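Commentary on secondary and tertiary structure
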Amino acid sequence: MRYCMLVYISKMVSTLLEAARYLRTAPVDGMGMELLENGRRMLAQIREVLESGHEDSALSQLTEIETLWKHSGAGLEEQLEMFLSELPERVSYRVRAVFFAELGEKWDAMSSVYEFMRDDPRFDPIVVRTPVGRVVTRNGKREQEVIYKDFLTSMGVPSFGYDEYDIETDCPELAFISQPYEGCTLEQFWPETLAKHTRLVYIPYFLPAIVLEDYPTVLCRMRVYDVAWKVIGSNQKHYKYYCRYARHGGANMLVTGVPKIDPVIRLRGKEVPIPAGWECLHGRKTFLWNTWYNIDASSLCFFDDIFGWFASHQDCALIWRLHPMTDTITKLYSPEAYGQLQGYIQSVEKAPNMVVDREVSFEPSFACSDAQISDHSSMMHQYLLMDKPLLWFQNLTASMTGETLIGCDWMEQTGQLSGILAFLERIRCGEDRNVQLRKQTVEQDLPTADGHCGERVCEALWEALHQDDGIPCKEIPLS
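Notes on the structure follow.

Rules behind the numbers
- Residues numbered from 1 in each chain as written.
- Predicted model: local features only at pLDDT ≥ 70, side-chain atom pairs only at ≥ 80, totals over all residues.
- Heavy atoms only, no water.
- Helix = DSSP H or I, 4+ residues; strand = E, 2+ residues; numbered from the N terminus.
- Buried < 20%, exposed > 50% of the residue type's maximum accessible area, 1.4 Å probe, protein only.
- Contact = heavy atoms within 4.5 Å.
- Lys, Arg positive; Asp, Glu negative; His and termini not counted.
- Charge placed at Lys NZ, Arg CZ, Asp CG, Glu CD.
- Axes fitted to C-alpha atoms, helices over the stretch in contact; angles between N-to-C directions.
- Parallel < 35°, antiparallel > 145°, perpendicular 65-115°, else oblique.
- Left-handed = near helix turned anticlockwise from the far one by under 90°.
- Nonpolar A, V, L, I, M, F, W, Y, C, P; charged D, E, K, R; others polar.
- Pairing = 2+ DSSP bridges.
- Polar contact = N/O pair within 3.5 Å; in protein donor to acceptor, adjacent residues only side chain to side chain.
- Core = buried A, V, L, I, M, F, W, Y, C linked by side-chain atoms within 4.5 Å.
- Arc of directions from axis to C-beta.
- Salt bridge = Lys/Arg side-chain N within 4 Å of Asp/Glu carboxyl O.

Brief notes about the overall build of the protein
Across its full length, the protein holds 19 helices and 17 strands. Based on the C-alpha atoms only, the size of the protein along its principal axes is roughly 95 × 55 × 45 Å. Across the 479 residues of the protein, 53% fall into the buried class. The long-range share in the protein, meaning contacts at least 24 apart out of those at least 6 apart in sequence, stands at 73%. Between the mean site of the 47 positive side-chain charges and the mean site of the 68 negative ones, the protein shows a separation of 2 Å.

Overview of the packing of helix 2 (residues 30-52) against helix 3 (residues 56-71)
Here helix 2 crosses helix 3 at 165°, and the two axes come no closer than 11 Å. Of the possible angle classes, the one that applies to helix 2 and helix 3 is roughly antiparallel. You can see that helix 2 and helix 3 cross each other, and the crossing is left-handed. Contacts from Leu 35, Leu 36, Gly 39, Arg 40, Leu 43, Ile 46, Arg 47, Leu 50 and Glu 51 of helix 2 reach helix 3 at Ala 58, Leu 59, Leu 62, Thr 63, Ile 65, Glu 66 and Trp 69. Grouping the constituent residues of the contact of helix 2 with helix 3 by class yields 10 nonpolar, two polar and four charged.

Here's the deal with the sheet that holds strand 15 (residues 390-393)
The six strands lie next to each other as 13-12-11-14-15-17, forming an open sheet whose pairing is parallel. Edge strands, defined here as strands with exactly one partner in the open sheet, are strand 13 (354-356) and strand 17 (412-414). On average, adjacent strands in this sheet sit at an angle of 20° to one another, irrespective of strand direction. In the sheet, strand 15 pairs with strand 17 via three bridges, with the strands oriented parallel. For Trp 392, the partnering residue across the bridge sits in strand 17 and is Gln 413. Here helix 12 (residues 303-311) sits on the sheet and contacts strand 11 (285-291), strand 12 (316-322) and strand 13; the angle it forms with strand 12, its principal contact strand, is near 150°. Strand contacts of helix 14 (residues 338-350): strand 12 and strand 13, with the helix running at about 145° to strand 12, the strand carrying the most contacts.

Quick word on the environment of Ala 297
Relative to the helices and strands, Ala 297 resides in the loop between strand 11 and helix 12. In this structure Ala 297 comes out as partly exposed when scored by relative accessible area, which is 24%. C-alpha of Ala 297 to C-alpha of Cys 429: the two residues are 132 residues apart in sequence and 29 Å apart in space. With residues up to four places along the chain from it excluded, the contact list for Ala 297 reads Trp 292 and Asn 395.

Looking at the sheet that holds strand 5 (residues 160-161)
What the seven strands build is an open sheet, ordered 5-2-1-6-7-9-10; its pairing is parallel. Lying at the two open borders of the sheet, with one neighbouring strand each, are strand 5 and strand 10 (253-255). In this sheet, strand 5 lies alongside strand 2 (residues 123-129) in parallel orientation, the contact comprising two bridges. Bridge pairing in strand 5 links Val 128 to Phe 160. Contacting strand 1 (95-101), strand 2, strand 6 (174-177), strand 7 (199-202), strand 9 (230-233) and strand 10, helix 19 (residues 453-469) crosses the sheet at an angle of about 150° to strand 7.

Points about the environment of Glu 102
When you line up the elements, Glu 102 lands in the loop between strand 1 and helix 5 (111-119). In this structure, the C-alpha to C-alpha distance between Glu 102 and Thr 130, residues 28 residues apart in sequence, is 4.9 Å. The residues touching Glu 102, leaving out its near neighbours within four places in the chain, are Thr 130, Val 132, Phe 151 and Gln 179. Among the polar contacts listed, one links the side chain of Glu 102 to the side chain of Gln 179, at a separation of 2.8 Å.

Observations concerning the nonpolar core
Counting 124 residues, the largest nonpolar core has Phe 99, Phe 100, Trp 107, Leu 174 and Phe 176 as its most contacted members. Examining the composition of this core, we find that 10 residues originate from one element, helix 1 (residues 3-25), more than from any other. Apart from the residues within four sequence positions on either side, Trp 107 is in contact with Phe 99, Ala 101, Tyr 114, Val 127, Phe 151, Leu 152, Met 155 and Val 157. Core analysis: the second largest hydrophobic core is formed by 30 residues, Phe 287, Trp 289, Phe 303 and Ile 345 among them.

Things to note about unusual backbone geometry
Non-glycine residue His 54 carries a positive phi angle of around 55°. Phi at Cys 171 is positive, roughly 50°, even though this residue is not glycine. By secondary structure assignment, the location of Cys 171 is in the loop between helix 6 (167-170) and strand 6.

Regarding helix 12
Along helix 12, the positions that sit buried rather than exposed are Phe 303, Ile 306, Trp 309 and Phe 310. The buried residues of helix 12 all sit within an arc of 135° when viewed along its axis, so they share a single face. Against strand 11, strand 12, helix 14, strand 13 and helix 17 (417-428) lie the buried residues of helix 12.

Focus: the side chain of Thr 326
Locating Thr 326 in the fold gives a position in helix 13 (residues 326-333). Taking the relative accessible area as the measure of exposure, Thr 326 reaches 1% and is therefore buried. In this structure Thr 326 touches Trp 292, Tyr 293, Ile 295 and Leu 341, once residues within four positions along its chain are discounted.

Topic: the pattern of salt bridges
If the charged atoms of two oppositely charged side chains come close together, the side chains can form a pair. Applying the stated rule across the entire model yields 34 salt bridges. Linked through salt bridges whose partners overlap, the residues forming this network are Glu 192, Arg 223, Asp 226 and Arg 247.

What is shown is where atoms sit, not what they do.
Pasting the structure below:
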């Protein structure tokens, strides 16, 4: 049985209970007879639903109520009250949840929530792949680049194409998104559109950490925060910041920890196969270079120097991971630089100690690298949980406020080529300056980094659903 049917039955039983209380003292007149007849019809509807689900325990209890209703027997109210309170325990029901997933590189934002629901009998999750893209008008002509591919099958995750799914037909109890930007997707997947049909849950695709001047909007005031039933929060700092700026005072945030950190925690305890073609990393000090999509405002401006350093240091290796929107953004907004970008990629692919990371998941690059050089990215604070050194290349287009939701002192920082080269040399020589700072930051700002954020999200949503609908929570026995 779907959870919505449990709510439907519970509402009818509540109505029957109100009618029974009225009939106990009311005269048997026209209104009373009408209430009795309406009650019989409602009981028949409840029976039809329970029979379709073979809910024998609840059906036996319903039979007693039907008899009492027919004969206006004593104890009717008590039986209805008991039926209402015990119904969640007497029937089998599941919460339907749909996950709208776009870029494969961002699936980690929701994966642990989906996996927990997939393995928990209380939930019935499905995944729908949605397109993501950008549009630009150049010389009066509209140009568009769209990314839409099946990145989930290779991960063992079954999914539907966006044109195979209709939310109005499916009527899920929950919908999850990690894409808050309306300009990047179709209108049918805008937060406001989805929220008209279900309870919308927004799971941030990044770890809120360094507070920038535009973050009251980015973290609190976009449309998704207004229409989402629940927003998932990282820690108490995140929650207090959200309460400060969100239009409704932060009432819809659940602080469970952001599920994006779960895959990193699990990664630390498992063997990750080296992808084919990465064999050159063996025996070398390996650096992950994580670059932003705007090649004109990223550390890619130093490509020749960084490439040259690795070419002259064959005891070291480079994994270059480009932002997944790099190709699309460059084609649309910097077409004159697209050839240059492709040249960079070809140079790295031909080098004996360098690879371009084309894996959907970040896991191989995190596991194989000894340190990371990163433009401003969500991958920075994920890497904190690997307990490895990181150099942040500050390519910010917005100013920092000085406030942090997750500390950044554990990262080395630079805005210059000299800082990048110095970092490479230090790590090559085995120098790691910030071991203790990394430990302190995790303890202070990421207390939920235990690999169970997805589980906490599911438990919190299960409880919130029932509380909102006035349904007693079904107890699941411990295995």
